[in-house]
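# Topology and contacts: notes
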Amino acid sequence: QDAAGTPKALRAYQELARRGRGCRVGVLMQSAYLDIVEAAGMESGFGDEWVRLGGIKIVHGNSLSGRTCWVSEPYDRVNPATGRRDDFGIPPARTQEELDALVLRVHRSGLQPAIHANGDREIAMVLDAFERALHKLPKADARFRIEHASVCPEPLLRRAKDLGVVLALHSYIFEHGDKMEEYGPRRWEVMHPNRSAEDLGIVVSGNSDWPVSACKPMRRIQSLVTRASAAGRVYGGSQRIPVETAIREYTWGSAFAERMEAVKGTIAEGRVADFVVLSGDPRKSEPLRIADIRVESTYVGGKPRFERSRN
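Here we summarise the structure given alongside this text. (Residues numbered from 1 in each chain as written. Predicted model: local features only at pLDDT ≥ 70, side-chain atom pairs only at ≥ 80, totals over all residues. Heavy atoms only, no water.)

## Comments concerning empty space enclosed by the protein
Taken as a whole and assessed by the stated rule, the structure comprises one cavity of 30 Å³ or more. In this structure, the largest cavity occupies an estimated 40 Å³ of space. Looking at the largest cavity, the residues that line it are His170, Ser171, Tyr172, Ile173, His192, Asn194, Ser223, Leu224 and Arg227. When its residues are assigned to classes, the lining of the largest cavity shows three nonpolar, five polar and one charged. (1 Å grid on protein atoms, 1.4 Å probe; cavity = no way out; pocket = protein on both sides within 12 Å on 5 of 7 lines; lining within 4 Å. Points joined across faces, edges and corners; volume = space filled by probe spheres on them. Nonpolar A, V, L, I, M, F, W, Y, C, P; charged D, E, K, R; others polar.)

Structure below.
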């Protein structure tokens with residue numbers, strides 16, 4: 001899935017598919033192109049088995065790094081600019097009313113909103129907007145998405161569960177665990193809350209957020225299993241998940257997020273024959289060595305697309 005799509009990228013994916021070199025891509029079009037998407041009459045799912053429109057990506061909040069996402073409690077460390085502990089991050093660009101209107105517009109257009117939000121105050125705003133949109137235009141199994149939901153205490157998770165929201169949680173602690181230092185150990189157990197979300201029955205979609213972290217699924221799965229940074233520090237150990245769960249998030253969970261779980265995401269009769277052959281079994285690997293497992297070959301539609309010995 002391309003979570004920052006543009007019309008130019010969409011055409012590039014289509015051209016690769018015509019040349020027989022593509023993979024199955026669900027594109028979340030950036031909200032800046034919403035007028036174009038609406039004018040073309042496209043809804044989520046528009047396209048074919050190779051390239052399809054997933055929904056609209058809305059960047060509401062800021063980043064987990066740099067004290068920019070908006071939180072309800074101040075950052076743990078003293079603000080170097082002011083010398084005070086009164087830093088709550090940067091408020092989102094939109095008011096609640098503006099966000100409500102945008103989400104409802106996307107929803108009315110038959111498009112799936114996928115909203116980037118990291119701080120708990122941002123996430124609360126997004127959940128309010130989702131709830132109001134569904135109240136005005138009810139839709140069973142809407143599958144609204146929050147991209148990352150990084151600082152997400154249990155009350156917000158329970159709201160997400162009640163609304164049927166899919167969470168695309170980060171899996172980048174290996175590279176970016178140090179970013180969590182600003183929040184203090186008291187919050188690490190509610191950050192990137194994969195285990196809590198799974199325990200509540202929330203569907204989690206695996207993602208790399210490339211180029212923020214490497215688009216290497218085995219590295220990402222290792223990060224979910226260990227919660228360990230490259231320096232070996234564990235952040236929020238209670239949120240570690242079993243390797244089978246991490247694999248499921250990266251396969252079935254991601255397919256579910258784009259309404260494609262009946263087509264891909266599992267190896268089963270009736271599904272497309274897209275799969276990889278690995279150099280080792282991640283379920284039997286030492287957790288800190290999962291990222292060493294290599295992709296030996298890739299099959300798309302049952303046909304070999306990549307073989308390490310030949311590439």
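## Digging into the packing of aromatic side chains
Applying the stated criterion to the full structure yields five aromatic pairs. Seen from their ring centres, Tyr75 and Tyr183 are 5.0 Å apart, and the 55 degrees between their planes marks the pair as tilted. Of the two residues, Tyr75 is situated in the loop between β3 (51-59) and α3 (96-108) and Tyr183 in the loop between α6 (173-176) and α7 (185-188); the sequence distance between them amounts to 108 residues. For the pair formed by Tyr75 and Tyr183, the shared burial category is buried. (Phe/Tyr/Trp six-rings, centres within 6.5 Å; stacked < 30°, edge-to-face > 60°. Helix = DSSP H or I, 4+ residues; strand = E, 2+ residues; numbered from the N terminus. Buried < 20%, exposed > 50% of the residue type's maximum accessible area, 1.4 Å probe, protein only.)

## Description of the nonpolar core
If you look at the biggest cluster of nonpolar residues, it comprises 44 residues, and the most contacted ones within it are Ile56, Ile123, Leu127, Phe130, Ile146, Val165 and Leu167. What Leu167 contacts, discounting residues up to four positions off in sequence, is Ile146, Ala149, Leu157, Ala197, Ile202, Val203, Val204 and Ser205. Judged by nonpolar contacts, the second largest core, of 12 residues, contains Cys69, Tyr75, Tyr172 and Tyr183. (Core = buried A, V, L, I, M, F, W, Y, C linked by side-chain atoms within 4.5 Å. Contact = heavy atoms within 4.5 Å.)

Just distances and angles here, no functional claims.
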